[in-house]
Amino acid sequence: MAVAPMATVITIDGPVSSGKGTIARRVAQRLGWHLLDSGALYRLLGLHARDLGVSLDDEQALVALARELPCRFVEQNGDLLIELAGKDVTDYLRTEEVGELASRVAVHQPVRDALMGRQQAFAVQPGLVADGRDMGTVVFTQAPLKIYLTASAEERARRRYNQLKEKGFGANLAALVEDIRNRDARDMNRDVAPLKPADDALVIDSTDMTIDDVLHRILDEARRRTLV
Ligand code: DC
């Protein structure tokens, strides 16, 4: 039986609040490609485990849940609607509360392995933009364009601060800088799939760049490599 070739993948990895989610969505929209928000899978799993009363330290139970995760990603005009057990959880998934659950399930290697096939299944024609922490280093090692998007901790904290203000939430800039530094340390120093640029990644420091600057940089690179 002929095996369909895997579609072209552009990976976008980077630390918390680097803007990779926004950029990945914009690149996917511009190219008309699919989008994988891999963090959402970890968030869905953490939420599902909590809803079912499964301990976030019970590796075997989490692996079983990861294999059967009853979720659906629906692409609507370039936006992604995410359902868990038939319920729309798109907005709730992005909360800090669920982020915390996600970071706890993400430390288990067998859990990461169980989510691997599910992530790779997103790589279908006409192409995929995959956003996460280990897209270029673990999940799509053959991707012909790997981006590592970063910015200074201060700039990332400022962006997060503005986002929270826009949504009407209170925020403290100094506390956000501290929080981002702590999360960086945890993500980069964890034993399992630590956050780091792939050897062949293009590192983009967006500290002094706008979203459009970053978008054009990535699209130019995709064209230069004749991927689009
Ligand atoms: O990108 P995010 O904030 O939605 O990620 C949620 C959590 O999942 C975060 O703690 C890091 C983890 N994660 C991961 O370990 N590997 C990925 N590919 C994506 C996210």
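Refer to the structure printed above.
Residues numbered from 1 in each chain as written. Predicted model: local features only at pLDDT ≥ 70, side-chain atom pairs only at ≥ 80, totals over all residues. Heavy atoms only, no water.

## Some points on the overall build of the chain
Here is step 1 of the chain: Across its full length, the chain carries 10 helices and 8 strands.
Here is step 2 of the chain: For the chain, the C-alpha radius of gyration of 17 Å lies close to 17 Å, the compact-globule estimate for 228 residues.
Here is step 3 of the chain: Expressed as lengths along the three principal axes of its C-alpha atoms, the size of the chain is roughly 60 × 50 × 35 Å.
Here is step 4 of the chain: Counting the 228 residues in the chain, one finds 46% classified as buried.
Here is step 5 of the chain: Within the chain, residue pairs in contact and separated by at least 24 positions form 74% of the contacts whose partners lie at least 6 positions apart.
Here is step 6 of the chain: On the chain, roughly 11,600 Å² of surface is accessible, and the fraction owed to carbon and sulfur atoms is 49%. (Helix = DSSP H or I, 4+ residues; strand = E, 2+ residues; numbered from the N terminus. Rg over C-alpha atoms; globule rule 2.2 N^0.38 Å. Buried < 20%, exposed > 50% of the residue type's maximum accessible area, 1.4 Å probe, protein only. Contact = heavy atoms within 4.5 Å. Areas by Shrake-Rupley, 256 points an atom, 1.4 Å probe, with all protein chains shown as cover.)

## Notes on the site of the ligand
Here is step 1 of the chain: Taken together, 15 residues lie around the ligand, and Arg43, Arg112, Arg133, Asp134 and Arg190 are the ones closest in.
Here is step 2 of the chain: Within the side chain of arginine 43, one N or O atom sits 2.7 Å away from an oxygen atom of the ligand.
Here is step 3 of the chain: Within the contact set of the ligand, an oxygen atom lies 2.8 Å away from a side-chain nitrogen or oxygen of arginine 112.
Here is step 4 of the chain: Taking 450 Å² as the accessible area of the ligand by itself, protein coverage stands at 94%.
Here is step 5 of the chain: Sorting the residues of the shell around the ligand by element identifies helix 2 (38-52) and helix 5 (96-105) as the ones contributing at least two each.
Here is step 6 of the chain: For the shell around the ligand, a count of residues per class yields 4 nonpolar, 4 polar and 7 charged. (Near = heavy atom within 4 Å. Polar contact = N/O pair within 3.5 Å; in protein donor to acceptor, adjacent residues only side chain to side chain. Nonpolar A, V, L, I, M, F, W, Y, C, P; charged D, E, K, R; others polar.)

## Quick notes on helix 2
Every α-helix carries 3.6 residues per turn, so stepping three or four residues along brings you back to the same face.
Here is step 1 of the chain: The end-to-end C-alpha distance of helix 2, which contains 15 residues, comes to 22 Å, matching closely the 21 Å that a straight helix rising 1.5 Å per residue would cover.
Here is step 2 of the chain: Helix 2 sits mainly inside the fold: 11 of its 15 residues count as buried.
Here is step 3 of the chain: Listing the buried residues of helix 2 in full gives Ser38, Ala40, Leu41, Tyr42, Arg43, Leu44, Leu45, Gly46, Leu47, His48 and Ala49.
Here is step 4 of the chain: Remark: glycine 53 follows helix 2 within two positions and exhibits a positive phi of approximately 70°. (Expected span 1.5 Å × (residues − 1).)

## Concerning the packing of helix 2 against helix 3 (residues 59-68)
Here is step 1 of the chain: Where helix 2 contacts helix 3, the two axes come as close as 10 Å, and the packing angle between them is 115°. Remark: the crossing between helix 2 and helix 3 carries right-handed chirality. Contact residues: Leu45, His48, Ala49 and Leu52 in helix 2; Leu62, Leu65 and Ala66 in helix 3.
Here is step 2 of the chain: Of the residues assigned to the contact of helix 2 with helix 3, the class counts are 6 nonpolar, 1 polar and no charged. (Axes fitted to C-alpha atoms, helices over the stretch in contact; angles between N-to-C directions. Left-handed = near helix turned anticlockwise from the far one by under 90°.)

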